[in-house]
Amino acid sequence: MEEKLVIRGNRKLAGEISISGAKNSAVGIIPAAILADGICTIKNLPDIDDVRHLKELLQHCGAKVHGADGEMTVNSGTIKSHKVDFELAKKMRASYYFLGAFLGKFKKAEVPFPGGCDIGIRPIDQHIKGFEALGAKIKVEHGIIKAKATELVGASIYLDVVSVGATINIMLAACKARGLTTIENAAKEPYIVDIANLLNAMGANVKGAGTDVIKIKGVEQLHGCEHSIIPDMMEAGTYMIAAAATHGDVLIRNVIPTHLESVSAKLREMGIEVLEYEDAVNIKANGRPKAVNVKTIPYPGFPTDLQQPMSVLLSIADGTGIITESIWEGRFKHVDELKRMGAKIKVEGRVAIIDGINRLSGSPVTATDLRAGAAMVIAGLAADGETTIGNLKHIDRGYEGLVDKLSSLGAEIRRIEE
Ligand code: EPZ
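Each value, and the rule that gives it
- Here the residue numbering is sequential within each chain, running from 1 through the sequence in written order.
- Given that this is a predicted model, residues contribute local features only at a pLDDT of at least 70 and side-chain atom pairs are listed and counted only at 80 or more, while totals for whole chains, interfaces and linings are drawn from all residues.
- To obtain the side-chain values, all non-hydrogen atoms of the structure were used and water was disregarded.
- Distances are taken per atom, and a residue is near a molecule or strand as soon as one of its heavy atoms is within 4 Å of it.
- Contacts described as polar in this section are N or O atom pairs within 3.5 Å, which, within protein, must combine one atom able to donate a hydrogen with one able to accept it, while residues neighboring in sequence count only if both atoms come from side chains.
- Here the accessible surface of atoms and residues is derived via Shrake-Rupley with a 1.4 Å probe, and residues count as covered only by protein chains that are part of the display.
- All residues other than Ala, Val, Leu, Ile, Met, Phe, Trp, Tyr, Cys, Pro, Asp, Glu, Lys and Arg, Gly among them, are scored as polar; the first ten of these are nonpolar and the last four charged.
- These domain boundaries are the output of an automatic or database domain assignment.
- Cysteine sulfur atoms that pair up within 2.5 Å are treated as a disulfide.
- Contact definition: two residues touch when any of their heavy atoms are within 4.5 Å.
- When two components associate, each loses some accessible surface as probed by a 1.4 Å sphere; the sum of these losses over both components is called the buried area.
- The working definition used for a salt bridge is a side-chain nitrogen of Lys or Arg within 4 Å of a carboxyl oxygen of Asp or Glu.
- Under the DSSP-based scheme used, a helix requires at least four consecutive residues in state H or I and a strand at least two consecutive residues in state E, with every element numbered from the N terminus.
- Whether two strands pair depends on DSSP finding at least two bridges between them.
- Angular values range over 0 to 180 degrees, each being the angle between N-to-C directions of two axes fitted as lines to C-alpha atoms, with helices fitted over their stretch in contact.
- Note on angle classes: values under 35 degrees are labelled roughly parallel, values over 145 roughly antiparallel, values of 65 to 115 roughly perpendicular, and the remainder oblique.

Enquirer: So, the site of the ligand: which residues are in play, and what are the values?
Expert: Near the ligand lie 24 residues; those nearest to it are Gln126, Ser163, Asp305, Ile327 and Arg371. With respect to the ligand, the side chain of asparagine 24 contributes an N or O atom lying 3.3 Å from an oxygen atom. Taking arginine 371, its side chain carries an N or O atom lying 2.7 Å from an oxygen atom of the ligand. Look at the ligand: alone it shows 820 Å² of surface, and the protein chains cover 90% of it. Taken together, the residues that form the shell around the ligand break down as eleven nonpolar, six polar and seven charged. Inspection of the shell around the ligand shows a minimum of three residues originating in each of domain 1 (3-19 + 231-417) and domain 2 (23-228).

Enquirer: Pulling in residues and values, what's your account of the state of the cysteines?
Expert: If you walk through the whole model with that rule in mind, you get zero disulfides. The cysteine cysteine 40 is free of any disulfide, with cysteine 225 supplying the nearest cysteine sulfur at 4.3 Å. Looking at the unpaired cysteine 175, the closest cysteine sulfur is the one in cysteine 225, lying at 11 Å.

Enquirer: Mind laying out the domain arrangement of the protein chain, listing which residues take part and the relevant values?
Expert: Domain boundaries in the protein chain define domain 1 (3-19 + 231-417) and domain 2 (23-228). Taken together, the contact pairs 22 residues of domain 1 with 22 residues of domain 2. Between domain 1 and domain 2, a total of about 1,900 Å² is buried, with carbon and sulfur atoms accounting for 55% of that surface. When residues of domain 1 are sorted by the area they lose upon contact with domain 2, Tyr299, Trp328 and Arg397 head the list and together hold 35% of the total. A salt bridge links arginine 397 to aspartate 50, with the nearest nitrogen and oxygen atoms 3.0 Å apart. Summed over the shared surface of domain 1 and domain 2, the result is five residue pairs in polar contact (both at pLDDT 80 or more). Those elements that provide at least two residues to the side of domain 1 that touches domain 2 are α8 (233-245), α12 (370-382) and α13 (393-398). Top element by residues in the side of domain 1 that touches domain 2 is α13. It accounts for three residues.

Enquirer: Lay out the sheet that holds strand β18 (residues 320-324) in plain terms, naming residues and giving numbers.
Expert: Read across the open sheet, the four strands follow the order β17-β18-β20-β19; overall the sheet is mixed. Each edge of the sheet is formed by a strand with only one pairing partner; in this case those strands are β17 (294-295) and β19 (344-348). By the bridge criterion, five bridges tie β19 to strand β20 (residues 351-355) in an arrangement that is antiparallel. By the bridge assignment for β20, glutamate 348 is matched with valine 351. The strands that helix α10 (residues 307-315) touches are β17, β18 and β20; relative to β20, the one it contacts most, it runs at about 30°.

Enquirer: Can you tell me about the packing of helix α6 (residues 164-174) against helix α7 (residues 190-201), naming the residues and giving the values?
Expert: Two numbers describe how α6 lies on α7: the axes approach to 10 Å, and their chain directions differ by 10°. In this view, α6 runs roughly parallel relative to α7, as classed from their interaxial angle. Counting all contacts with α6, which are made through Val164, Thr167, Ile168, Met171 and Leu172, the residues of α7 involved are Tyr191, Ile192, Ile195, Ala196 and Leu199. Class assignment of the residues belonging to the contact of α6 with α7 gives a composition of nine nonpolar, one polar and no charged.

So this is what it looks like as structure tokens:
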């Protein structure tokens, strides 16, 4: 039995929705709670599988985790093991944050190579380089990364690539290291600022998050705290693009508009109206958008996580658009699925050339990864006829209440068992 989404397309999305907490913050903040010698209360958590898996991972290590309705309390005082379960770790990318968190707290960690979306090679050499600079010894045995240190000492670390994961992981490990750690060429994503704010609320001394130089002065102890997660810019961006693709009029609430600047700018360039309010954006689209070129760049550039949804909009735009994917070499797997729906796309390496057509036509397709799944949903909403989307495990990892939110905007979408 497999669950599928069935969408009857060609309906304008109209109305209001509210955005949930950011997945990519949540998946760093939950492991970060391990560092506290006290209870952390995390609020505005998205109700998604990645959060459920992290809760299981924490419990499996002995932490006491409670909560419901977007709130979780973590008591890591009862943790008995610094080893992460193999099967659970495989389910998601973010299990690698247990390396930084356990290393920071216990000076030792054993974490299997992580799972997550198949969008490229996804090395973690920069994480390891950071841990080694802090004084940890790392070895890999039977697919498990083993890290150990007698003492962690602050160091100056220059990242060779701008990496969200390495920046967060090094911050976690360095919070309680002796002396000053400097991360240069750090990632600047809002998640990093969110996690630095959590760490500072726990008593850490992290400065410069959101710029490319982060300085962390080690402290002896971290205490419990309360923290509310920022809104999910990728979820918001997905609905912005969905509104545009269906020629809709959607007010998207609970967002931080400055986080979405690159998306808003691109949509405006395509002729779509984007109105920004203090904590909301309103997308108004009439007719076919104009084709544009898009290049994915680390924040504040256009996000790779919205490249696949954007490719759907370009496939029904007026003219030819070019997408250059500069972060993940394998993030065009959804293109074959879009072609089933009539899209005219040619992929050459990291570049996709998209000739816009008038309308997509509904068809059975597969969600090859998380954002590919979101892209298929947008394609189904905009297409003529019926689209069936399989392999929903990816979408469930990252989108809270997708069917309910879209239904409230007038979409004809349901989940079936086949
Ligand atoms: C995070 O992945 C996000 N995941 C991804 O979102 C997102 O696509 C990515 O950042 C880029 O914005 C989570 O936060 C859980 P990176 P991460 O380290 O941290 C190379 C989604 O759709 N690199 O910033 O794993 C790497 O190959 C997901 O929500 C190294 O070479 O990504 C890539 O080209 C998918 N060595 C680039 O850096 C390293 O040690 C950026 O990767 C680490 C990364």
